[in-house]
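Residue strings, one per chain:
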Amino acid sequence: MKRQSRSEASASRFGPGVTNPGLSTEERSPAEARDGVPEQPFHHLDVLWVQVAGTLCNLACTHCFVRSGPRATSHSMMTRVDVRARVAEALALGVKEIYFTGGEPFLNDEIEAIVEDTLALAPVTVLTNGTLLPPKRVAWLAALSRRARYALELRVSLDGADAATHDRFRGPGAWLRTLSGLRSLAGAGLAPIVTFTQPAGEDARAFAERCTAVLAAEGLRAPRLKLLPMFRLGREADRSGGYAAEETLAQLPRAAFDPHRLQCGSCRAVSSRGVHVCPLLVDEPGGRMADTLAESARPYALAHGACVTCWATGMTCANE
Amino acid sequence: MRERVSANGRGTARLAVLGGVYANHLALAQALDDVAARGLDAAWCLGDIGGFGPAPEKSIAILRARAVPTVQGNYDHSIGHGLDDCACGYCDPRDAHFAQLAYDYTARSVGDASRAWLAALPREARLTLGGRTVLLCHGSPRRQNEFLWDGSCSDAFLAWLCDTYAADVIVCTHTGLHWARPLPGGRWVVNCGAVGRPAHDGRPHTWYAELAFARDGAIDVAFRPVHYDHEALALEMEREGLPPEFVETIRTGWWTTCLGNMPAKERLAGAANIGAA
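Residues numbered from 1 in each chain as written. Chains lettered and ligands numbered in written order. Predicted model: local features only at pLDDT ≥ 70, side-chain atom pairs only at ≥ 80, totals over all residues.

1. Focus on the overall build of chain B
Within chain B, the regular secondary structure consists of nine helices and ten strands. A compact globule built from 277 residues would reach a C-alpha radius of gyration of about 19 Å, and chain B, at 17 Å, matches this within 12%. Counting only C-alpha atoms, chain B reaches 50 × 40 × 35 Å along its principal axes. Each of the 277 residues in chain B was classed as buried or not, and the buried ones make up 56%. The long-range share in chain B, meaning contacts at least 24 apart out of those at least 6 apart in sequence, stands at 70%. (Helix = DSSP H or I, 4+ residues; strand = E, 2+ residues; numbered from the N terminus. Rg over C-alpha atoms; globule rule 2.2 N^0.38 Å. Buried ≥ 20, exposed ≤ 12 C-beta atoms within 10 Å, placed from the backbone. Contact = placed C-beta atoms within 7 Å.)

Rendered as structure tokens:
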């Protein structure tokens, strides 16, 4: 699978900095444009996403794609028993890795037991805003990482390479609190992954170099980076306008469809509401697929506007 | 490709598997000499013959002259078919940048005859050793450029790979780091690492895997270090104008590129190995 590089990107109606995924108006069939969207086959459950904190978060970011916040209740917290059952389902299907997300996972009172349970069985990544990492928790994470047979990844989100950009999304002081969390993790001998929302129009390598320089100044040597595009979902849709009704993959010529390009061929997300096609669409119409993971192991019609962003960028929410 | 390798007179078949040559012809030759000196029954190469190091034709010539059976890596597929990039699957744009420098150099340095040879390499090989089915591949049985890291593969996933691809033992490379995992039912997944690049642990030597298959089905896996003249390779890389970042890795044993996909477990283990044997 070859991922389309950012340098191939051009401004288009698919959104700023998002590539036109090979569509041509000449090739468009009216029937396809009106009715048909491609179906993504399901290959295998490589990645299970667990919305372990529901939509509860100590921050209320202006671009949050699931509208998480201190009073957000659309998805409930998952219990240790809930998670054990979902992980068991996933292991029976041969899952490769488990990701915990929310909301903010460290708001779940049972998160330490949940992570320990799971890490005994599979690699674990915890996505966090990095603001709830007191010394005792960092020490526990470092000890657990040292003794675990699998990788324990801590993935900390930043929304820009400077405080002003980040705090514009996340609120005053968020940058300083997250950098403090990153310093604590690194100081304890951990190697967090730092995700950055990639600004439209900036060369990806230049942006990565800029981010690395900022983190190096904070004492993080050669951090692992992950760049993510902006999705017009949740509060970001409220802020900047969501996907237009005609922004779907309906016009993608069938011959151009690569069944291995999208993450939904190899992932599912579970929340208190059931099984969803991917972590991006847990709060979107059409995103819920089934009650069980086994039932969700079927093709998915790529009818959502966000599918266009995934297709155009070739992105995955997973670590690689 | 299917092939049967007989056990030797001791009743155990011993197989060497060399991954990730990356144009390190000095380490490749040293490793094959070591295999011969140890009296192993066969040596296989799991591909990615070019990239990173100097003069890839030298490594191709060694493999062909010594008739080393070779599985195609993504690099070999790309060079063999004249594609635009190596399709290594790096997720960090800086890694992709350095990968492209290595790829462009390799593409310029490989002639038509070698391209045809690379393009014709098989994507996998199946051997029967000690009554066990051994599947040799580059990335994974399902994808030539899949990274199978020790830290990010559950037992459940590796067992699923063995079940789905009907193998008792899967041997792969592509990540550049070696590891071996026994699984229930006496099965194994082994990443043989890279013979062409050190294992990101501050030591300049490289590695290959040795697998022993007893007649009763028992399997033993060991990793053998390859000590070679890394300074000579570094000087040759400098003469070829390859990036100083690559040369630094050869001299120090620490990766300077291709780190963007590496899990925390491997990153931290490398640092912990400083000063080890």
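Having seen the structure, we can now continue with the description.
2. Quick word on the overall build of chain A
Summing up its helical and strand segments, chain A has nine helices and eleven strands in all. For chain A, with 320 residues in total, the buried portion stands at 50%. Considering only contacts in chain A between residues 6 or more positions apart, those separated by 24 or more positions represent 74%.

3. Structural notes on the interface of chain A and chain B
Taken together, the contact pairs 26 residues of chain A with 23 residues of chain B. Along the lines of polarity and charge, the residues of the side of chain A that touches chain B split into 13 nonpolar, three polar and ten charged. (Nonpolar A, V, L, I, M, F, W, Y, C, P; charged D, E, K, R; others polar.)

4. Brief notes about the nonpolar core
If you look at the biggest cluster of nonpolar residues, it comprises 176 residues, and the most contacted ones within it are B:Val17 and B:Val171. Discounting residues that sit within four places of it in the chain, B:Val17 has contacts with B:Trp44, B:Leu46, B:Leu136, B:Val171, B:Cys192, B:Tyr208, B:Ala209 and B:Leu211. (Core = buried A, V, L, I, M, F, W, Y, C linked by C-beta atoms within 7 Å.)

5. What about unusual backbone geometry?
Negative phi is the rule for most residues except glycine; trans is the rule for most peptide bonds. For the bond from A:Gly102 to A:Gly103, the omega torsion is 10°, close enough to zero to count as cis. Tracing the backbone through its elements, the reader meets A:Gly103 in the loop between strand S3 (97-101) and helix H3 (111-119). Phi is positive for B:His174, close to 80°, though the residue is something other than glycine. Looking at the element boundaries, B:His174 is found in the loop between strand S6 (169-172) and strand S7 (178-183). Residue classification places B:His174 among the buried positions, given that 29 C-beta atoms sit within 10 Å.

6. A few points about the sheet that holds strand S2 (residues 12-18) of chain B
Residue and element names in this part refer to chain B. If you walk across this open sheet you meet the four strands as S3-S2-S9-S10, and the pairing is mixed. Each edge of the open sheet is held by one strand with a lone partner, namely strand S3 (42-45) and strand S10 (219-226). The sheet shows a mean angle of 25° between the axes of neighbouring strands, direction not considered. Strand direction decides the pairing type here: S2 and S3, joined by four bridges, are parallel. Note that in S3 the partner of Val 17 across the bridge is Trp 44. (Pairing = 2+ DSSP bridges. Axes fitted to C-alpha atoms, helices over the stretch in contact; angles between N-to-C directions.)

7. Regarding the sheet that holds strand S2 (residues 47-51) of chain A
All names here are of chain A. Pairing in this open sheet of nine strands is mixed, and the strands run S7-S6-S5-S4-S3-S2-S8-S9-S10 from one edge to the other. The two strands at the open ends of the sheet, each matched to only one other strand, are strand S7 (224-228) and strand S10 (288-290). Geometrically, the sheet is characterised by an average inter-axis angle of 30° between neighbouring strands, direction not taken into account. Strands in contact with H3 are S3, strand S4 (124-128) and strand S5 (152-158); relative to S4, the strand with the most contacts, it is inclined by about 150°. Sitting on the sheet, helix H7 (residues 204-217) touches strand S6 (193-197) and S7, and the angle it makes with S7 is about 130°.

8. So, the pairing of S5(A)
Side-chain direction in a regular strand flips from residue to residue, so the side chains alternate between the two faces of the sheet. Residue and element names in this part refer to chain A. Counting buried residues in S5 gives seven out of seven residues, a clear majority hidden from the surface. Neither face of S5 is open: one carries Leu 152, Leu 154, Val 156 and Leu 158, the other Glu 153, Arg 155 and Ser 157, and all of them are buried. Of the pairings in the sheet, the one linking S4 to S5 comprises five bridges and is parallel in character. By the bridge assignment for S5, Leu 127 is matched with Arg 155.

9. Comments concerning the pairing of S7(B)
Residues and elements named next belong to chain B. Across six bridges, S7 lies against strand S8 (residues 187-192) in antiparallel orientation. When the sheet's bridge partners are listed, His 178 is paired in S8 with Cys 192. The hairpin turn running from S7 into S8, its antiparallel successor, is three residues long, and Gly 185 in that turn takes a positive phi close to 85°.

10. Remarks on the packing of helix H7 (residues 230-239) of chain B against helix H8 (residues 244-252) of chain B
For any two helices packed against each other, the geometry comes down to the angle between their axes and how far apart the axes lie. All names here are of chain B. Closest axis-to-axis distance for the H7/H8 pair is 9 Å, and the angle between their directions is 175°. As far as their axial angle goes, H8 and H7 are roughly antiparallel. For the pair H7 and H8, the contacting residues are His 230, Leu 233, Ala 234, Met 237 and Glu 238 in the first and Phe 246, Val 247, Ile 250 and Arg 251 in the second. Of the residues in the contact of H7 with H8, the class split is six nonpolar, one polar and two charged. (Parallel < 35°, antiparallel > 145°, perpendicular 65-115°, else oblique.)

11. Looking at the environment of B:Val169
Residues and elements named next belong to chain B. With respect to the helices, strands and loops of the structure, Val 169 is situated in strand S6. Residue Val 169 is classed as buried on the basis of its C-beta count, with 25 C-beta atoms lying within 10 Å. In this structure, the C-alpha to C-alpha distance between Val 169 and Thr 252, residues 83 residues apart in sequence, is 33 Å. Ignoring sequence-local partners within four residues, the contact set of Val 169 consists of Arg 132, Val 134, Leu 135, Arg 187, Trp 188, Val 190 and Ile 219.

12. Looking at H3(A)
Residues and elements named next belong to chain A. All of the buried residues in H3 are Ile 111, Ile 114, Val 115, Thr 118 and Leu 119. In a view along the axis of H3, the buried residues occupy a sector of 120°, so they form one face of it. As for H3, its buried residues are in contact with helix H2 (80-92), S3, S4, helix H4 (135-147) and S5. (Arc of directions from axis to C-beta.)

13. Side note on the confidence of the model for chain A
Residues with a pLDDT of 70 or more make up 89% of chain A, whose mean pLDDT is 89. Across residues 1-34 of chain A the pLDDT falls below 50, and counting only partners more than four positions away or on other chains, this stretch makes 52 contacts in the model. (pLDDT = per-residue confidence, 0-100.)

14. What to know about the confidence of the model for chain B
This prediction gives chain B a mean pLDDT of 94; 94% of its residues lie at or above 70. Across the interfaces of the predicted complex, the ipTM metric reaches 0.93, alongside a pTM of 0.92.

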